[in-house]
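Okay, here's what each chain looks like letter by letter:
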Amino acid sequence: MEIIGIVAIAKNYAIGKDGKLPWHYSADLKFFKKTTLNHAIVMGYNTWASIGKPLPKRLNIVMSRSHELEHQPRVILMRDKQEVLALNKYLGCDLFIIGGSQTYQTFAENIDKWIVTEIPETVEDADAFMSKDFLEGFNLEEMTELEDDLKVKTYVKDVQNFHP
Ligand SMILES: NC(=O)c1ccc[n+]([C@@H]2O[C@H](COP(=O)([O-])OP(=O)(O)OC[C@H]3O[C@@H](n4cnc5c(N)ncnc54)[C@H](OP(=O)(O)O)[C@@H]3O)[C@@H](O)[C@H]2O)c1
(Lines give C-alpha, C1' and ligand atoms only; values in the text may rest on other atoms or scores of the structure.)
Protein backbone atom coordinates (compact mmCIF):
# COMPACT_ATOMS: atom_id res chain seq x y z
CA MET A 1 0.00 0.00 0.00
CA GLU A 2 1.46 3.31 -1.04
CA ILE A 3 1.55 6.88 0.20
CA ILE A 4 0.60 8.99 -2.78
CA GLY A 5 0.58 12.77 -3.14
CA ILE A 6 -2.11 14.05 -5.47
CA VAL A 7 -2.10 17.70 -6.53
CA ALA A 8 -3.24 20.05 -9.27
CA ILE A 9 -0.63 22.69 -9.93
CA ALA A 10 -0.47 25.86 -12.04
CA LYS A 11 2.48 26.87 -14.19
CA ASN A 12 3.80 29.08 -11.38
CA TYR A 13 3.47 26.25 -8.80
CA ALA A 14 0.33 27.85 -7.35
CA ILE A 15 -2.21 25.48 -5.81
CA GLY A 16 -4.53 27.76 -3.86
CA LYS A 17 -5.86 31.27 -3.41
CA ASP A 18 -8.03 32.68 -0.61
CA GLY A 19 -8.41 29.20 0.90
CA LYS A 20 -9.82 27.72 -2.30
CA LEU A 21 -8.77 26.13 -5.56
CA PRO A 22 -8.09 29.00 -7.98
CA TRP A 23 -9.79 27.20 -10.90
CA HIS A 24 -12.60 24.83 -11.73
CA TYR A 25 -11.94 21.89 -14.02
CA SER A 26 -14.60 19.24 -13.72
CA ALA A 27 -12.43 16.71 -15.59
CA ASP A 28 -9.81 16.99 -12.85
CA LEU A 29 -12.37 16.71 -10.05
CA LYS A 30 -13.72 13.54 -11.69
CA PHE A 31 -10.20 12.18 -12.04
CA PHE A 32 -9.48 12.97 -8.38
CA LYS A 33 -12.64 11.19 -7.31
CA LYS A 34 -12.00 8.10 -9.42
CA THR A 35 -8.39 7.87 -8.20
CA THR A 36 -9.03 8.29 -4.49
CA LEU A 37 -12.33 6.41 -4.12
CA ASN A 38 -12.25 3.60 -1.52
CA HIS A 39 -8.85 4.74 -0.21
CA ALA A 40 -7.82 6.97 2.71
CA ILE A 41 -7.21 10.68 2.17
CA VAL A 42 -5.20 13.01 4.41
CA MET A 43 -5.82 16.74 4.42
CA GLY A 44 -4.80 19.73 6.50
CA TYR A 45 -7.40 21.63 8.46
CA ASN A 46 -7.50 24.51 5.94
CA THR A 47 -8.33 22.14 3.10
CA TRP A 48 -10.92 20.38 5.27
CA ALA A 49 -12.54 23.77 5.99
CA SER A 50 -12.47 24.63 2.30
CA ILE A 51 -14.13 21.34 1.22
CA GLY A 52 -16.68 21.72 4.02
CA LYS A 53 -17.77 18.07 4.28
CA PRO A 54 -16.27 14.58 4.29
CA LEU A 55 -15.59 13.22 0.82
CA PRO A 56 -17.82 10.17 0.40
CA LYS A 57 -16.58 6.58 0.15
CA ARG A 58 -13.16 7.50 1.51
CA LEU A 59 -11.66 7.54 4.99
CA ASN A 60 -11.12 11.27 5.64
CA ILE A 61 -8.13 11.99 7.89
CA VAL A 62 -7.92 15.63 8.94
CA MET A 63 -4.75 17.05 10.50
CA SER A 64 -4.92 19.79 13.09
CA ARG A 65 -2.94 20.71 16.17
CA SER A 66 -5.57 23.04 17.58
CA HIS A 67 -9.05 22.44 16.17
CA GLU A 68 -11.67 19.91 17.28
CA LEU A 69 -14.04 18.19 14.86
CA GLU A 70 -17.57 17.05 15.47
CA HIS A 71 -17.86 13.26 15.41
CA GLN A 72 -19.07 11.93 12.11
CA PRO A 73 -18.67 8.73 10.13
CA ARG A 74 -15.53 8.30 8.02
CA VAL A 75 -13.70 11.27 9.60
CA ILE A 76 -10.68 11.01 11.90
CA LEU A 77 -8.80 13.89 13.46
CA MET A 78 -5.05 13.39 13.83
CA ARG A 79 -2.61 15.61 15.68
CA ASP A 80 0.67 14.81 13.93
CA LYS A 81 2.30 12.90 11.11
CA GLN A 82 3.44 9.99 13.28
CA GLU A 83 -0.17 9.26 14.23
CA VAL A 84 -1.09 9.07 10.55
CA LEU A 85 1.87 6.85 9.69
CA ALA A 86 1.04 4.52 12.59
CA LEU A 87 -2.56 4.19 11.40
CA ASN A 88 -1.37 3.63 7.84
CA LYS A 89 0.20 0.30 8.84
CA TYR A 90 -3.30 -1.05 9.50
CA LEU A 91 -5.03 0.36 6.43
CA GLY A 92 -5.62 -2.09 3.62
CA CYS A 93 -5.68 0.70 1.06
CA ASP A 94 -3.52 3.50 -0.30
CA LEU A 95 -3.06 6.72 1.64
CA PHE A 96 -3.53 9.80 -0.53
CA ILE A 97 -2.09 13.09 0.69
CA ILE A 98 -4.53 15.59 -0.81
CA GLY A 99 -3.13 18.90 0.49
CA GLY A 100 -2.86 21.72 0.97
CA SER A 101 0.53 23.19 0.84
CA GLN A 102 1.51 22.68 4.52
CA THR A 103 0.29 19.10 4.46
CA TYR A 104 2.20 18.20 1.28
CA GLN A 105 5.27 19.66 3.00
CA THR A 106 4.61 17.59 6.13
CA PHE A 107 4.50 14.30 4.19
CA ALA A 108 7.05 15.15 1.47
CA GLU A 109 9.64 12.63 2.67
CA ASN A 110 7.07 9.83 3.06
CA ILE A 111 5.49 10.10 -0.38
CA ASP A 112 6.22 7.17 -2.75
CA LYS A 113 4.42 8.56 -5.76
CA TRP A 114 3.10 11.91 -6.98
CA ILE A 115 0.08 12.29 -9.24
CA VAL A 116 0.23 15.79 -10.68
CA THR A 117 -2.40 17.49 -12.82
CA GLU A 118 -0.84 20.34 -14.77
CA ILE A 119 -3.16 23.32 -14.92
CA PRO A 120 -2.37 25.39 -18.02
CA GLU A 121 -2.62 28.72 -16.19
CA THR A 122 -0.49 31.10 -14.18
CA VAL A 123 -2.38 32.20 -11.08
CA GLU A 124 -1.77 35.80 -10.00
CA ASP A 125 -1.98 36.54 -6.26
CA ALA A 126 -2.01 32.89 -5.25
CA ASP A 127 -1.22 32.26 -1.58
CA ALA A 128 -0.57 28.51 -1.52
CA PHE A 129 2.22 26.95 -3.57
CA MET A 130 4.16 23.72 -4.05
CA SER A 131 7.86 23.98 -3.34
CA LYS A 132 9.75 24.19 -6.65
CA ASP A 133 11.75 21.03 -5.88
CA PHE A 134 8.92 18.77 -4.75
CA LEU A 135 9.60 16.30 -7.61
CA GLU A 136 13.32 16.09 -6.95
CA GLY A 137 14.26 12.40 -6.61
CA PHE A 138 11.17 11.26 -8.54
CA ASN A 139 11.02 9.87 -12.09
CA LEU A 140 8.20 10.39 -14.56
CA GLU A 141 6.42 7.06 -14.97
CA GLU A 142 3.24 7.78 -16.87
CA MET A 143 1.34 10.58 -18.57
CA THR A 144 -2.36 10.68 -19.38
CA GLU A 145 -4.60 13.36 -20.80
CA LEU A 146 -7.94 14.45 -19.42
CA GLU A 147 -10.58 16.60 -21.06
CA ASP A 148 -9.97 20.37 -21.05
CA ASP A 149 -6.38 19.84 -22.27
CA LEU A 150 -5.19 18.76 -18.86
CA LYS A 151 -2.17 16.53 -18.51
CA VAL A 152 -1.74 14.20 -15.54
CA LYS A 153 1.77 13.01 -14.81
CA THR A 154 2.69 10.25 -12.38
CA TYR A 155 6.13 10.35 -10.77
CA VAL A 156 7.62 7.52 -8.75
CA LYS A 157 10.34 7.87 -6.13
CA ASP A 158 13.72 6.93 -7.54
CA VAL A 159 14.70 4.50 -4.79
CA GLN A 160 18.22 3.87 -6.20
CA ASN A 161 19.17 7.52 -6.09
CA PHE A 162 17.34 8.39 -2.93
CA HIS A 163 19.73 9.52 -0.20
CA PRO A 164 17.71 11.04 2.65
N1 LIG B 1 -4.41 22.42 -6.06
C2 LIG B 1 -4.56 21.39 -5.24
O3 LIG B 1 -4.43 20.23 -5.64
C4 LIG B 1 -4.94 21.63 -3.80
C5 LIG B 1 -5.20 20.55 -2.96
C6 LIG B 1 -5.55 20.82 -1.61
C7 LIG B 1 -5.63 22.11 -1.18
N8 LIG B 1 -5.36 23.14 -2.01
C9 LIG B 1 -5.40 24.54 -1.56
O10 LIG B 1 -4.36 24.73 -0.59
C11 LIG B 1 -4.77 25.79 0.30
C12 LIG B 1 -4.64 25.31 1.75
O13 LIG B 1 -3.30 24.98 2.02
P14 LIG B 1 -2.61 25.35 3.43
O15 LIG B 1 -1.16 25.04 3.32
O16 LIG B 1 -3.03 26.72 3.81
O17 LIG B 1 -3.34 24.40 4.46
P18 LIG B 1 -3.55 22.84 4.78
O19 LIG B 1 -2.30 22.07 4.57
O20 LIG B 1 -4.80 22.39 4.11
O21 LIG B 1 -3.90 22.96 6.34
C22 LIG B 1 -2.95 23.49 7.24
C23 LIG B 1 -3.36 23.14 8.64
O24 LIG B 1 -3.30 21.72 8.80
C25 LIG B 1 -2.82 21.41 10.09
N26 LIG B 1 -1.51 20.76 9.94
C27 LIG B 1 -0.60 20.87 8.93
N28 LIG B 1 0.50 20.13 9.16
C29 LIG B 1 0.27 19.53 10.36
C30 LIG B 1 1.04 18.66 11.17
N31 LIG B 1 2.27 18.23 10.78
N32 LIG B 1 0.51 18.24 12.35
C33 LIG B 1 -0.71 18.65 12.74
N34 LIG B 1 -1.49 19.48 12.03
C35 LIG B 1 -0.99 19.92 10.85
C36 LIG B 1 -2.72 22.72 10.84
O37 LIG B 1 -4.01 22.93 11.38
P38 LIG B 1 -4.34 23.78 12.71
O39 LIG B 1 -3.97 25.19 12.38
O40 LIG B 1 -5.79 23.57 12.92
O41 LIG B 1 -3.47 23.20 13.79
C42 LIG B 1 -2.44 23.71 9.72
O43 LIG B 1 -2.77 25.03 10.03
C44 LIG B 1 -6.21 26.14 -0.07
O45 LIG B 1 -6.21 27.26 -0.94
C46 LIG B 1 -6.67 24.90 -0.83
O47 LIG B 1 -7.72 25.18 -1.74
C48 LIG B 1 -5.01 22.92 -3.32
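In this text, all values refer to a predicted model and were calculated from it rather than measured experimentally. (Residues numbered from 1 in each chain as written. Predicted model: local features only at pLDDT ≥ 70, side-chain atom pairs only at ≥ 80, totals over all residues. Heavy atoms only, no water.)

Asker: Account for the overall build of the protein, with residues named and values stated.
Answerer: Helix and strand counts for the protein come out as 4 helices and 10 strands. In sequence order, the secondary structure elements of the protein are arranged as β-β-α-β-α-β-β-α-β-α-β-β-β-β. Considering only C-alpha atoms, the protein reaches an extent of 40 × 40 × 25 Å along its principal axes. The buried share among the 164 residues of the protein stands at 46%. Of the contacts made within the protein by residues no fewer than 6 positions apart, 60% connect residues no fewer than 24 positions apart. As presented, the protein carries roughly 9,500 Å² of accessible surface, and 49% of it is formed by carbon and sulfur atoms. Within the protein, the 24 negative side-chain charges are centred at a point lying 5 Å from the centre of the 19 positive side-chain charges. (Helix = DSSP H or I, 4+ residues; strand = E, 2+ residues; numbered from the N terminus. Buried < 20%, exposed > 50% of the residue type's maximum accessible area, 1.4 Å probe, protein only. Contact = heavy atoms within 4.5 Å. Areas by Shrake-Rupley, 256 points an atom, 1.4 Å probe, with all protein chains shown as cover. Lys, Arg positive; Asp, Glu negative; His and termini not counted. Charge placed at Lys NZ, Arg CZ, Asp CG, Glu CD.)

Asker: Tell me about the pairing of strand 3 (residues 40-44), residues and numbers included.
Answerer: With 5 of 5 residues buried, strand 3 is to be regarded as a mostly interior element. Crossover connection from strand 3 via helix 2 (residues 45-51) to parallel strand 4 (residues 59-63): handedness right-handed. (Right-handed = clockwise from strand over helix to strand, strands pointing away.)

Asker: An account of the site of the ligand is needed here, citing residue identities and associated values.
Answerer: The immediate surroundings of the ligand are formed by 29 residues, with T47, S64, R65, H67 and T103 found nearest. At 3.1 Å, a backbone N or O of I15 approaches a nitrogen atom of the ligand. In the model, an oxygen atom of the ligand is placed 2.6 Å from a nitrogen or oxygen of the H67 side chain. With the chains in place, 88% of the 940 Å² that the ligand exposes on its own is no longer accessible. Here the ligand occupies the largest pocket. When residues of the shell around the ligand are traced back to their parent elements, those giving at least two are strand 1 (3-9), strand 2 (14-16), helix 2 and helix 4 (101-107). If you tally residues by element for the shell around the ligand, the top one is helix 4, at 5 residues. By residue class, the composition of the shell around the ligand is 10 nonpolar, 14 polar and 5 charged. (Near = heavy atom within 4 Å. Polar contact = N/O pair within 3.5 Å; in protein donor to acceptor, adjacent residues only side chain to side chain. 1 Å grid on protein atoms, 1.4 Å probe; cavity = no way out; pocket = protein on both sides within 12 Å on 5 of 7 lines; lining within 4 Å. Sits in = over half its atoms within 2 Å of the grid points. Nonpolar A, V, L, I, M, F, W, Y, C, P; charged D, E, K, R; others polar.)

Asker: Before we move on, can you summarise the sheet that holds strand 4 with the specific residues and values?
Answerer: Whether parallel or antiparallel, the strands of a sheet pair through hydrogen bonds between backbone atoms. Judged by pairing direction, the sheet is mixed, and its 8 strands sit side by side in the order 5-4-3-6-1-7-10-9 without closing on themselves. The outermost strands of the open sheet, each flanked by one partner alone, are strand 5 (75-78) and strand 9 (138-146). Here the strands of the sheet are splayed against their neighbours by 25° on average, with no regard to which way each runs. Sheet analysis places strand 1 next to strand 7 (residues 113-118), joined by 6 bridges and oriented parallel. Its bridge partner being in strand 7, A8 is matched across the sheet by T117. Against the sheet, helix 1 (residues 26-36) touches strand 1, strand 3, strand 6 (95-97), strand 7, strand 9 and strand 10 (150-157), its axis set at about 175° to strand 1. Contacts from helix 3 (residues 81-88) reach strand 1, strand 3, strand 4, strand 5 and strand 6 within the one sheet, and its direction differs from that of strand 4 by about 160°. (Pairing = 2+ DSSP bridges. Axes fitted to C-alpha atoms, helices over the stretch in contact; angles between N-to-C directions.)

Read these as spatial facts, not as claims about activity.
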